[in-house]
Every structure is written in C-alpha cells, then in structure tokens.
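# An overview of the molecular structure
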Amino acid sequence: MVWRDKKTRTILIVPPLLQLLIFSFAATQEVKDVPVAMLNKDAGIYARDLVTRLKGSPNFSRVLHLQSDSEVAPALDSRECLMVLIIGTDFSRKVAAGEPASVQFLLDGRRANAAQIVANYAENIVVRYEAELTQYLQGQLASTTVVNRVWFNPNLEPKWSTVPALVVILTTLMGLMITGLSVAREREMGTFDQLLVSPLSPTEILIGKSIPALIIGTVQATGMCLVGVFVFGVPFRSSIILLYISLLTYLLALAGVGLFISSVAKTQQQAILYNFVFMVPAMLLSGFATPVENMPAWLQTLTYANPVRHLMPVMKGLFLKGLPAIEVFRALVPLMVIALFTLSLASWLFRRRME
C-alpha cells in the first residue's frame, strides 16, 4: 500500500536524495574559507612574509585588512570575521635580532568549536614559518609566542555555545509539531470540515492555530533559558525584552511553516514526514553543526530562507555578547519576511479549501 500511493512514494524517494545532496555539502567538520582579519602594525619583511603565508592558506581565503585597533572590536562584533591576527610593531626587529617575538589571535568565542579549529590552523602556519626562519637564520631565532584571546567565551566552554543553540532547536521542534499536526489531526478526526463551514475567516483560523504554538513555544524556551543560566551557568548579557521579541518573531515564522505543512498533509503521518523533511536540513543549514561559511555560495544563499539560520546567531549574541537592540532588529527582518510569506501561503491554502 505504501508503494502504490503516489505521494507516499514521492516522499520515500525525493527527500532522501535531496538530503543526501545538501548534507554532503553542509555536514562537514572541516573549517575552511573562514573570514579572518589582520592588523599588521609592522612594516618589516618578516611580518609581511607571515601575512602572505596566512593569506595563502586555503583555510583563510577571505581576508579583511584592518588599519587600527579601533576596527578590531567592530569586526568581531558584527561577525565579519572569526579571528583577528595582530602583529606588533616590533615583530620583524625581534626576529632579526633573534629575540622571542609574539603574535596575537583574537577569536570569536560564540563559535567555540570553529574558533579552536581556526586557531590551530593559524598556529600551525606560525610554527612552520618559525621553522623556516630558524633554518634560514642558522638556528639564531628564538621561539615565537602565539597568544590567544577568546572574546565572549574566554574559556571556550562548550556549554556556552551549545545551550543557546539547543534553545533554538528544541523550540523549533515543539513549534513545528504543534502547528504541523493541527490541521492534519482535525482532518483525520473529521472536524476539519466543520471548521471550514464555520463563520470563521481563514485569518481567524490561522490566528487560532498559531496562538497555542506561540504560547507553548515561549514557555518552553523560557524554561530552557532558565535552566541554561541557573543550572549550566551560561551568562545572559542582554535584555529580556529583546529575548521575547526575538522568540515571538521566530515562532510566527515557524508557525507559518508548520501551518503550510499541515495544510498540505492529509494525514498526521504525512505531516510528521513533512516536518522531518524540513527539520533536518534546517538544523544542518543553520550553522549549528558547522559554519555557514563552509558551504558553497549557492547553498549559503539558500540558507537565507531558513528561519533557524537567522535566530541562531541572535540567541548566541543575546546570551554571550549582550547584543544591542539595533543588531537584534536588523537580524529579525528576514524572519519577519519569512513569517509574512509563510502565513500568507497558509492562508491562501485555507481559502482554497473553503471555496
């Protein structure tokens, strides 16, 4: 019976193929094509050689050159780069004199795993360059010191980056399950036809189906945030009001997706399968497992339609950074667009069924 049904047959064949295609690009533990910034205060030849080696690495193909210390904080705050390399004014002089020289890495601790990997990449380049200089200077070079400074998560605590992400993931799961099964459940119970002949408009029906997801999702996210702060010790450095504005905007976008799925599915089983088809790619394309920057350009463009991708950095910024209101609202604009589109699409499907 499963194979004879055309829609079920399509679900069994098409989604696995699409997921295999997407996951092969997105689900990788390799960190490459990472945006980094460099502040070279030394005009000497040795500093220029080190910068050239870092720029030539395939892991650092996107390089932002900074001109002053005042540009370092904005570059990390805005996520323009994952790491800032700082070379002091006396680096070349110390190398030439055979004295210990140092370079500094400033890392974005909001992405703890990627930051550690990138720091290892850069440190290996510095070590290899030191070995080349030692051979060139006939062993007269003292050891070069690499100093790492991690912003927003000084000790690279895994829980500090994982807990905010889990708040997003579990809220997504609950929101999709509530809205994605709502219409399909009523259709199986035989009450959906009664709903269609009721005096309620499609907009009122959508509001009635969205409110439970908004309430339950908000309560669940609140509980997880409290556990993260008081049990796991994750700092919350932003405004509670901004947190709830972000959650409600996200849940509206998610409700649109769930109601669209529920309107298309004829049974709860189909709704669960459709939820799974959306959920797994949305998680992998959100930047939770691996940075979005690792993915091909066309896949990075596709992630802008993924609501999870927009809330993930906002949630980490609210917890670890104290994200200012202007940055929060700028990040929520894509979620508002997604919510408007998905809710309008779900409303259109309801109108078609009521005609």
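Please refer to the structure higher up on the page.
Read on for an overview of the structure. For every chain, the first residue of the written sequence is number 1, and numbering continues from 1 along that sequence. The predicted origin of the model limits local features to residues at a pLDDT of at least 70 and limits the giving and counting of side-chain atom pairs to 80 or more, whereas totals for whole chains, interfaces and linings rest on all residues. Side-chain descriptors were evaluated using all non-hydrogen atoms of the structure, hydrogens and water having been removed beforehand.

### Focus on unusual backbone geometry
Phi angles above zero are rare outside glycine, and R79 is one such case at about 65 degrees. Examined against the element boundaries, R79 turns out to sit in the loop between α3 (72-77) and β3 (83-87). A helix here means a DSSP run of H or I that spans at least four residues, while a strand means a run of E at least two residues long, and both kinds are numbered starting from the N terminus.

### A few points about helix α10 (residues 268-284)
A turn of α-helix holds 3.6 residues, and therefore any two residues three or four places apart point the same way. By definition here, a helix of n residues has an expected span of 1.5 Å times n minus one. Its 17 residues give α10 an end-to-end C-alpha distance of 25 Å, which sits within 8% of 24 Å, the value for a rise of 1.5 Å per residue. Taken residue by residue, α10 has Q270, A271, N275, M279, P281, A282, M283 and L284 as its buried positions. The cut-offs for exposure are 20% and 50% of the maximum accessible area for each residue type, with area from a 1.4 Å probe on protein chains only; residues under the lower value are buried, those over the upper are exposed, and the others partly exposed.

### Here's the deal with the nonpolar core
Nonpolar cores are built from buried Ala, Val, Leu, Ile, Met, Phe, Trp, Tyr and Cys residues. Side-chain atoms within 4.5 Å join them into one set. Membership of the largest hydrophobic core comes to 39 residues, with the highest contact counts inside it found for V168, Y250, V308, M315, L318 and V328. When contributions to this core are tallied by element, the ones reaching two or more residues are α6 (158-189), α8 (202-230), α9 (240-264), α10, α12 (307-321) and α13 (325-354). Among the elements that take part in this core, α9 stands out by supplying 9 residues, more than any other. Look past the residues within four positions of V168 in its chain and what remains in contact with it is Y250, V308, L311, M312 and M315. M38, L50, V51 and A114 belong to the second-largest nonpolar core, a separate cluster that totals 28 residues. Contacts: residue pairs with any heavy atoms within 4.5 Å of one another.

### Some remarks on the environment of V314
Tracing the backbone shows V314 in helix α12. For the pair V314 and A165, spaced 149 residues apart in sequence, the C-alpha separation works out to 9.9 Å. Excluding residues that lie within four positions of it along the chain, V314 makes contacts with S246, L323, V328 and A331.

### Details of the environment of W348
Along the chain, W348 falls in helix α13. The spatial distance from the C-alpha of W348 to the C-alpha of F260 is 9.5 Å, given a sequence separation of 88 residues.

### A word on the pairing of strand β4 (residues 102-108)
Where burial is concerned, most of β4 is hidden: 5 out of the 7 residues are buried. As paired elements, β3 and β4 share 5 bridges and run antiparallel to each other. Opposite I86, over in β4, you have Q104 as the bridge partner. In this analysis, strands are considered paired if DSSP registers two or more bridges between them.

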